[in-house]
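Observations on the three-dimensional arrangement
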Amino acid sequence: MSTVKRLRAETSVVVVIDIQDKLLAKIPGAPGLLRNTGFVLDVAALLEVPARATEQYPKGLGPTAPEIALRLPANLPAKTAFSCCGAGTFLEELEMLRRPNVVLVGMETHVCVAQTALDLLRAGLHVFLPVDALGTRHDLDHSTALRRLEQAGAVPTTVEAVAFEWLTDATHPQFKAVSELVKRRAEG
C-alpha cells in the first residue's frame, strides 16, 4: 500500500518554474496561470512557506513576469537545463530546507515542470502539482505530462486545495486572511 502524501505548511516549499514574459505570450490561459501562481505564493507568504524559483535562459526568454517576481526572492537562478535540478546548487539548497513536500507551479508542464518533478521524485521528495498553476502551449502536452507525472508518483491538486490543506483547520490564525485571498482570486 502506498503512503498517503499530505501537505503541511511547515513541511512544504513552493517552486516557481520559468514564468517568463516571452514564454507566457504563447501560453493559452496565461492570465489564469498568473492569478493562480500569485494566489499560491500569497498564501505561502502568509503561512511562512518558503518559495524558490528559476528562469530558463533569461537572456533569450526575458525575466520572470513582474507580478510573480515581486513575490519571490531576488536573483533567481538562471538555467539552460530543463530541470530546475540542473540549475547549479538548486537541489542541494532545496534539500537544506528540510521540507520534503514540493509544490511545483509554472511552465511548461511537459518540459521543465515534468523534468523537475521527475528529478525531485528520484531525490526522494514528494511532488504536488496544482494543475491550475501549470501551463503549456498545447493541451495534449499538458494532459499527457500530468498523467505521466501522476503515474511516477506526483500528486495532482489545485491551488485552492493546497491553501486549505496547508491551513488544516478553520481555527488557523491565518484562516480569515487566506479566505480573503480566495475571494479576491474568485473575483478575477
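The paragraphs below set out a description of the structure included in this document. These numbers come from a predicted model, not from an experiment. The residue numbering used here restarts from 1 in each chain and proceeds along that chain's sequence as written. A pLDDT threshold of at least 70 governs which residues receive local features in this predicted model, and a stricter bar of 80 or more applies before side-chain atom pairs are shown or counted, although totals over entire chains, interfaces and linings include all residues. Working from all heavy atoms in the structure, the side-chain values ignore hydrogens and water.

1. Comments concerning the overall build of the protein chain
Note the cut-off: Helix and strand labels come from DSSP, where a helix needs a run of H or I of at least four residues and a strand needs a run of E of at least two; each type is numbered from the N terminus. In this description the radius of gyration comes from C-alpha coordinates, and the expected globular size is given by 2.2 Å times residues to the power 0.38. Two residues form a contact once any of their heavy atoms are found within 4.5 Å. Each accessible area is a Shrake-Rupley estimate made with a 1.4 Å probe; only the visible protein chains count as cover when residues are assessed.
Counting its secondary structure elements, the protein chain contains 9 helices and 7 strands. Against the 2.2 N^0.38 benchmark of 16 Å for 188 residues, the protein chain shows a C-alpha radius of gyration of 15 Å, consistent with a compact globule. For the C-alpha atoms alone, the extent of the protein chain along its principal axes is close to 45 × 40 × 35 Å. If you take every contact in the protein chain between residues at least 6 apart in sequence, the share linking residues at least 24 apart comes to 81%. Entry remark: accessible area of the protein chain is about 9,300 Å², with carbon and sulfur atoms responsible for 54%.

2. Observations concerning the nonpolar core
The tendency in soluble globular proteins is for nonpolar side chains to be buried as a group. The line we're drawing: Side-chain atoms within 4.5 Å are what join buried Ala, Val, Leu, Ile, Met, Phe, Trp, Tyr and Cys residues into a set we call a nonpolar core. Between buried and exposed lies partly exposed: a residue is buried under 20% and exposed over 50% of the maximum accessible area for its type, with that area taken using a 1.4 Å probe on protein chains only.
By size, the foremost hydrophobic cluster in this structure holds 37 residues, and its most contacted members are Val14, Val16 and Trp166. Listing elements by their share of this core, those giving two or more residues are strand S1 (12-17), helix H1 (21-24), helix H2 (30-46), strand S2 (51-56), strand S4 (101-107), helix H8 (159-167) and helix H9 (175-186). Once you skip the residues sitting within four places of it in the chain, Val16 turns out to touch Thr37, Leu41, Arg52, Ala53, Thr54, Ile68, Leu72 and Val105.

3. A word on the packing of aromatic side chains
Stated precisely, the cut-off is as follows: Side-chain rings of Phe, Tyr and Trp (the six-membered ring for Trp) are treated as a pair once their centres are within 6.5 Å; stacked means planes under 30 degrees apart, edge-to-face means over 60, and tilted covers the remaining angles. Any Lys NZ or Arg CZ that is within 6 Å of a ring centre and within 35 degrees of that ring's normal is treated as a charge sitting over the ring.
One pass over the full model with this rule turns up 1 aromatic pair. Sitting above the plane of the Phe39 ring, Arg185 keeps its charged end 5.2 Å from the centroid.

4. Structural notes on the environment of Ala154
Tracing the sequence through the fold places Ala154 in the loop between helix H7 (139-152) and strand S7 (155-157). On the basis of relative accessible area, Ala154 is assigned to the buried category, the value being 4%. The residues contacting Ala154, other than those within four sequence positions of it, are Leu121, Val127, Leu129 and Leu149.

5. With respect to the side chain of Thr116
Considering the arrangement of structural elements, one finds Thr116 in helix H6 (residues 109-122). Owing to a relative accessible area of 0%, Thr116 belongs among the buried residues under this scheme. Sequence-distant contacts of Thr116, that is, excluding residues within four places in its chain, are made with Ile17, Phe82, Ser83, Cys84 and Leu104.

6. Notes on the packing of H2 against H8
Under the convention used in this document: Each axis is a line fitted through C-alpha atoms, taken for helices only over the stretch in contact, and angles between the N-to-C directions span 0 to 180 degrees. Here the word oblique covers every angle except those under 35 degrees (roughly parallel), over 145 (roughly antiparallel) and from 65 to 115 (roughly perpendicular). Three classes are used, and their members are as follows: Ala, Val, Leu, Ile, Met, Phe, Trp, Tyr, Cys and Pro are nonpolar, Asp, Glu, Lys and Arg are charged, and the others, Gly among them, are polar.
In contact at an axis separation of 9 Å, H2 and H8 are set at 10 degrees when each is read in the N-to-C sense. With respect to H8, the axis of H2 lies roughly parallel. Together, Asn36, Phe39, Val40, Val43 and Ala44 of H2 and Val159, Glu160, Val162, Ala163 and Trp166 of H8 make up the contact between the two elements. Looking at the contact of H2 with H8 residue by residue, the classes come out as 8 nonpolar, 1 polar and 1 charged.

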